[in-house]
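Geometric and topological summary
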Amino acid sequence: MRWKATLAGLGIVLVTATACGQRPESVSPGAGPALPPPSMSVPPPPASSGPWDAQTPPAGSTLVPAAQVDNSKLPQDYPHEVYVSADGKALYFRAEEGGCGRASADVQQQDTQQIVINLRETQSHMQGRMCTMDIRYPLISVPLSEPLGNRKILLLTLKENR
């Protein structure tokens, strides 16, 4: 008797395994549009919306010397790269964002001695929207009213929820 149950179970497993490997030739009415087979090609990256791509500062930009940047208010694992444009009137930062967060920066204060920059990540929690658990490091920029020169740069970071 026991061998009948084992044989029946084995038969069910074999039928299920062979049925899973077959693809139906037709779609029953009302089942919706047929989907094309998956493609193995990877789509090209989206075109850049600025004069530089998301990871590279514009041509002619240079890395600001570390002695000129105060990043002591940033988390230890936060990127610390700061670039200045060739004319000295724009700063570029490697920011950190993830999931539904978007990085941005603004000049909080600038005078003849120092420029204070707020790097922020704004979290958008839209109902019904799922957020990935990834971390991205986009390059963002802020314009300066005067060229950087020898002024110190103080970097601050804020997190906002919307």
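So, how was this worked out
Residues numbered from 1 in each chain as written. Predicted model: local features only at pLDDT ≥ 70, side-chain atom pairs only at ≥ 80, totals over all residues. Heavy atoms only, no water. Helix = DSSP H or I, 4+ residues; strand = E, 2+ residues; numbered from the N terminus. Buried < 20%, exposed > 50% of the residue type's maximum accessible area, 1.4 Å probe, protein only. Areas by Shrake-Rupley, 256 points an atom, 1.4 Å probe, with all protein chains shown as cover. Disulfide = S-S within 2.5 Å. Pairing = 2+ DSSP bridges. Salt bridge = Lys/Arg side-chain N within 4 Å of Asp/Glu carboxyl O. Core = buried A, V, L, I, M, F, W, Y, C linked by side-chain atoms within 4.5 Å. pLDDT = per-residue confidence, 0-100. Contact = heavy atoms within 4.5 Å. Polar contact = N/O pair within 3.5 Å; in protein donor to acceptor, adjacent residues only side chain to side chain.

Remarks on the overall build of the protein
If you tally the helices and strands in the protein, you get one helix and ten strands. Reading the helices (α) and strands (β) of the protein from amino to carboxyl end gives α-β-β-β-β-β-β-β-β-β-β. The buried share of the protein, reckoned over its 162 residues, is 30%. Surface accessibility of the protein: about 11,700 Å² in total, with carbon and sulfur atoms responsible for 60%.

Regarding the environment of Pro 57
Mapped onto the elements, Pro 57 comes out in the loop between helix H1 (2-20) and strand E1 (62-63). Here the alpha-carbon distance between Pro 57 and Leu 139, two residues 82 residues apart in the chain, equals 7.2 Å.

Remarks on the state of the cysteines
Applying the stated criterion to the full structure yields one disulfide. The disulfide that involves Cys 100 links it to Cys 131, with 1.7 Å between the sulfurs. Disulfide Cys 100 to Cys 131: torsion about the S-S bond roughly -100°, handedness left-handed. With Cys 100 in the loop between strand E5 (97-98) and strand E6 (101-110) and Cys 131 in the loop between strand E7 (114-123) and strand E8 (135-136), this pair connects stretches of sequence that are 31 residues apart.

Digging into the pairing of E6
Sheet analysis places E6 next to E7, joined by nine bridges and oriented antiparallel. Note that in E7 the partner of Arg 102 across the bridge is Thr 122. Once E6 ends, the chain turns through three residues before running back antiparallel as E7.

Side note on the pattern of salt bridges
The full count for this structure, using the stated rule, is five salt bridges. With its nearest N and O atoms 2.9 Å apart, the salt bridge here joins Arg 136 to Asp 134. Salt bridges linked by common partners bring Glu 97, Arg 102, Asp 134 and Arg 136 together as one network.

Examining the sheet that holds E1
A sheet is described by the order of its strands in space; here four strands give the open sequence E1-E3-E4-E9, paired in antiparallel fashion. Edge positions in the open sheet fall to E1 and strand E9 (139-143), since each of these has one partner strand only. Summarising the sheet, strand E4 (residues 90-94) and E9 pair through five bridges and their orientation is antiparallel. If you follow Leu 91 over to E9, its bridge partner there is Val 142.

Quick word on the nonpolar core
Counting 20 residues, the largest nonpolar core has Leu 91, Phe 93, Ile 117, Leu 119, Ile 153 and Leu 155 as its most contacted members. Sorting the residues of this core by element identifies strand E3 (82-84), E4, E6, E7, E9 and strand E10 (152-161) as the ones contributing at least two each. No other element matches E7, which puts three residues into this core.

Quick notes on the confidence of the model for the protein
As a general rule, the predicted coordinates of low-pLDDT regions are not to be interpreted in detail. Looking at the protein, the pLDDT average stands at 77 and 67% of residues meet or exceed 70. Contacts from residues 38-52, a stretch scored under 50 in pLDDT, to residues over four places away or in other chains number six contacts.

Quick notes on the side chain of Asn 118
With respect to the helices and strands, Asn 118 occurs in strand E7. Within the local environment of Asn 118, its side chain forms a polar contact with the side chain of Gln 108, the two groups lying 3.1 Å apart. With near-sequence residues (within four places) excluded, Asn 118 lies in contact with Ser 104, Ala 105, Asp 106, Gln 108, Leu 156 and Leu 158.

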